[in-house]
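# Report on the structure
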Amino acid sequence: MRMKNNGQISIVLNSQKRNPLRDSMIQESIPQSMPQEHAALKEIEEELGTLIGMDEMKKMVKEIYAWIYVNKKREMMGLKAGKQALHMMFKGNPGTGKTTVARIIGKLFLKMNVLSKGHLIEAERADLVGEYIGHTAQKTRDLVKKALGGILFVDEAYSLGRGGEKDFGKEAIDTLVKHMEDKQHEFILILAGYSKEMDHFLTLNPGLQSRFPLVFHFPDYSVDQLMDISKLMLKEKEYMLSHDAERKIREHLHGVKNAVTANAFSNGRYVRNILEKSIRAHAMRLLMENNYDRHELMTLRSNDLVFTRKDSD
């Protein structure tokens, strides 16, 4: 986590670099048994615990919780407790958990009365940009209105800056900036997209960068993490991989990650696409073999696996 000169807090998730001394100090500083009043944090921690990686995110959620909680205690004691805008920016490739994390943050802020509803409104360029002058501002205002009390999550937000000066995307940006200021404590705006493109996007409006105090970086998953994700996905569906199938998927992931460019790999989404196609192939194999043994009904074998280039789109 790094504090920048512009006041932004930059957090890197799934970081492989660990500081054992810092981690042990943080662990020792957190009470092992929390009072009942902290049940909201405990519930969110349990949900975060089901996610692969994201160690820095899990720590940051605790810090945000602590900041809000202590601010409420300060307010009760008559001390200054100014509200801070909690608009965020998520940078990273597809399939790295950005939407999932946004939903969990919404739940936490609802439980802490930071948000009145905690719901998530997902949007993209087509939901914000209109076809004629004035249409874009109205569409954007309508989306913000739906998001009041919750989170407005705009994926591939950098696309709003494409098309030049005459493009209506700029009008959407200006409208969002105005509502971030006018209703900064009534909803939370999360803009998401590729890191490089989002950095350029921030330069398009002079008021953008200062309005996002929290910037989260979502690195790609390692092959080991992707294998853990695949096992979790299959466990939820009551499937499992044979040893040979597990080896084959691992080898395939190593090859794909080395062959495609960073922006072309969709991480967890890539794995999910493979598994969904392989489950259908598995069903067809059992139908042809007329074999419905319980173990076979649950086991994906290497000849069931379906890999196509489209999975990386």
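Here goes a summary of the coordinates provided. Bear in mind that the values here come from a model prediction, so they are computed numbers and not experimental data. Position numbers for residues count from 1 along each chain, tracking the sequence in the order it is written. For this predicted model, a pLDDT threshold of at least 70 governs which residues receive local features, and a threshold of 80 or more governs which side-chain atom pairs are given and counted, while totals over whole chains, interfaces and linings are taken from all residues. Where side-chain values are given, they derive from all heavy atoms of the structure, hydrogens and water being excluded.

## Considering the pattern of salt bridges
Any Lys or Arg side-chain nitrogen located within 4 Å of an Asp or Glu carboxyl oxygen qualifies as a salt bridge. In this structure the tally under the stated criterion is 17 salt bridges. Ionic pairing is found between Arg250 and Asp224, a salt bridge with its closest N-O pair at 2.6 Å. On the criterion of sequence distance, the pair formed by Arg250 in helix H10 (residues 243-259) and Asp224 in helix H9 (residues 223-236) is long-range, its members being 26 residues apart. By relative accessible area, which is 47% here, Asp224 ends up partly exposed. The shortest N-O distance in the salt bridge between Glu296 and Arg285 comes to 3.8 Å. Within this pair, whereas Glu296 is found in helix H12 (residues 294-298), its partner Arg285 is found in helix H11 (residues 267-289), the two being separated by eleven residues in sequence. Judged by its relative accessible area of 13%, Arg285 falls in the buried class. Via salt bridges that share partners, Arg285, Glu289, Glu296, Arg301 and Asp304 belong to a single interconnected network. We count a stretch as a helix when DSSP gives it H or I for four or more residues in a row; a strand needs E for two or more, and each element gets its number in order from the N terminus. Partly exposed describes any residue whose relative accessible area lies between the buried limit of under 20% and the exposed limit of over 50%, with all areas from a 1.4 Å probe on protein chains only and scaled to the type maximum.

## A few points about H10
For H10, spanning 17 residues, the distance from its first C-alpha to its last is 25 Å, which sits close to the expected 24 Å at 1.5 Å a residue. All buried positions along H10 are accounted for by Ala245, Ile249, Leu253 and Val256. Projection of H10 onto a plane perpendicular to its axis shows the buried side chains occupying an angular sector of 75°, all on one side. Structural note: H10 exposes His243 and Asn258 on the side pointing more than 90 degrees away from its buried face. It only takes one pair of heavy atoms within 4.5 Å for two residues to be counted as in contact. Summarising the contacts, the buried residues of H10 are in contact with H9, strand S8 (240-241), H11 and strand S9 (299-300). One fewer than the residue count of a helix, multiplied by 1.5 Å, yields its expected span. The reported arc concerns the directions from the helix axis to the C-beta atoms and nothing else.

## Side note on the packing of H9 against H10
One way to put it is that H9 packs onto H10 with a least axis distance of 10 Å and a crossing angle of 135°. For the element pair H9 / H10, the angle class is oblique. Remark: the crossing between H9 and H10 carries right-handed chirality. Note on element contacts: H10 touches H9 through Glu246, Ile249, Arg250, Leu253, His254 and Lys257, opposite Val223, Asp224, Leu226, Met227 and Lys231. In this classification, Asp, Glu, Lys and Arg are treated as charged, Ala, Val, Leu, Ile, Met, Phe, Trp, Tyr, Cys and Pro as nonpolar, and every other residue, Gly included, as polar. Class assignment of the residues belonging to the contact of H9 with H10 gives a composition of five nonpolar, one polar and five charged. A fitted line through C-alpha atoms represents every axis, and for helices the fit uses only the stretch in contact; the resulting angles, taken between N-to-C directions, go from 0 to 180 degrees. Roughly parallel means an angle under 35 degrees; roughly antiparallel means over 145; roughly perpendicular covers 65 to 115; every other angle is labelled oblique. Note: crossing handedness is left-handed where the near helix turns anticlockwise from the far helix by less than a right angle, and right-handed where it turns clockwise.

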